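Structure at a glance
One-letter residues, chain by chain:
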Amino acid sequence: MLSIKNVKASVGDKEILKGIDLEIPAGEIHVIMGPNGVGKSTLGHVIMGSKNYTLNTGKILIDGEDITGLDTAERAKKGLFLAFQYPVSIPGLKISEYLRNLYNLRHSKQVSVSEFRKILKSKLELLNIERASLQRYLNDGFSGGEMKRFEMLQLMLIEPKVAILDEIDSGVDVDAQKIVAESIKHIAKEIGTSFIIVTHYQRLLNFINPDKIHVILDGKINQSGDMSLVEELEREGYEYIRQPNSSSL
Ligand code: ADP
Ligand code: MG
Ligand code: MG
């Protein structure tokens, strides 16, 4: 469970987040929407404790434990995971080795190559990833869809308490979107991960069927609702819900 309490945060001397409150129970999938530049990515970075962002006031808690004072690595150890909009590629690092190290680190284990094969089997099937592709180098020359599926594989191995997925559907075809959506639902249900998903697109959300939608406007959560809010935004745009007399207020 992730709790964000009255978070105000700045980039440089500009305050971007002006009092964000958010509660995401274990296993729930919440979506953050809002116009470009409103601070959706900023929120993700602030939750992860990135040094480029200043938390002016407020608290971030995981399962009731205040993690506001921790650095990014310590937050990751507590079970926070942020997937970047553009994942880094690391030529020279084989995916299979990378994933096994990640797994061992996260679970304080030393599983062998053959043990790890067994752990991977059902996950590769679910994500429709061919085993041979694990011999490639991390994200090197991958298509958008491949990168996202490997990201989902990372999530399944890390088993985070909280996962923040920022614009995961940019440049991903509809088949890969379906796989991504199915894996998000699977991870939320089986592992109990709380998800924050940032997206501009209704299609991915139709596949995911999230628990809640939040719209950030002017540095605050302006509105929360269910999928009908997404449909309203598709129809009317963000300016419409900013109006004090719009139907949804
Ligand atoms: P969104 O993800 O909603 O499109 P962002 O969180 O990326 O918005 O950005 C919010 C505002 O903060 C924008 O005005 C953006 O230019 C600014 N900003 C974000 N990150 C940085 C940064 N590292 N350096 C300078 N300005 C930034
Ligand atoms: Mg943006
Ligand atoms: Mg962004």
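Whatever comes next refers back to the structure up there.
Residues numbered from 1 in each chain as written. Chains lettered and ligands numbered in written order. Predicted model: local features only at pLDDT ≥ 70, side-chain atom pairs only at ≥ 80, totals over all residues. Heavy atoms only, no water.

Details of the sheet that holds strand β12 (residues 220-225)
What counts here: Any two strands with at least two DSSP bridges between them are considered paired. Helix and strand assignments follow DSSP, with helices taken as H or I runs no shorter than four residues and strands as E runs no shorter than two, numbered in order from the N terminus. A fitted line through C-alpha atoms serves as each axis, taken over the contacting stretch for helices, and the angle formed by two N-to-C directions is quoted from 0 to 180°.
Spatial strand order, β6-β9-β10-β3-β11-β12: six strands in an open sheet with mixed pairing. At either end of the open sheet lies a strand with only one pairing partner, and these are β6 (80-83) and β12. Each adjacent strand pair in this sheet contributes to an overall mean axis angle of 20°, direction not counted. Direction of pairing for strand β3 (residues 29-33) relative to strand β11 (residues 212-217): parallel, over a ladder of four bridges.

Observations regarding the sheet that holds strand β5 (residues 65-66)
Ordered in space as β2-β1-β4-β5, the four strands form an open sheet in which the pairing is antiparallel. On the outer flanks of this sheet lie β2 (14-24) and β5, each paired with one strand and no other. Across eight bridges, the pairing between strand β1 (residues 2-11) and β2 is antiparallel. Looking across to β2, one finds that S10 is bridged to E15.

A closer look at helix α1 (residues 40-48)
Condition: Relative accessibility decides the category of a residue: with a 1.4 Å probe and only protein chains considered, values under 20% of the type maximum give buried, values over 50% give exposed, and everything between is partly exposed.
In terms of residue burial, α1 counts as a mostly covered element, since eight of its nine residues are buried. G49 occupies a position one or two residues after α1 and carries a positive phi of about 80°.

A closer look at the pairing of β12
Where β11 meets β12, five bridges bridge the pair, whose relative direction is antiparallel. Pairing of H214 across the sheet is with S224, part of β12. The hairpin turn running from β11 into β12, its antiparallel successor, is two residues long, and D218 in that turn takes a positive phi close to 50°.

Re the packing of helix α3 (residues 95-107) against helix α5 (residues 144-158)
The following threshold applies: Orientation categories follow fixed angle ranges, with anything under 35 degrees roughly parallel, anything over 145 roughly antiparallel, 65 to 115 roughly perpendicular, and all other angles oblique. Should the near helix be turned anticlockwise from the far one by less than a right angle, the crossing is termed left-handed; should it be turned clockwise, right-handed. Pairs of residues are marked as contacts when any of their non-hydrogen atoms sit within 4.5 Å. Residue type decides the class: Asp, Glu, Lys and Arg count as charged, Ala, Val, Leu, Ile, Met, Phe, Trp, Tyr, Cys and Pro as nonpolar, and the leftover types, Gly among them, as polar.
For the pair α3 and α5, the least separation of the axes is 9 Å and the interaxial angle reads 30°. Relative to α5, the element α3 lies roughly parallel. Handedness of the α3/α5 crossing: right-handed. Between α3, through I95, Y98, L99, L102, Y103, R106 and H107, and α5, the contact on the second element is made entirely by F150, L153, Q154, L157 and I158. Broken down by class, the residue content of the contact of α3 with α5 amounts to nine nonpolar, two polar and one charged.

Geometric values such as these leave the question of function open.
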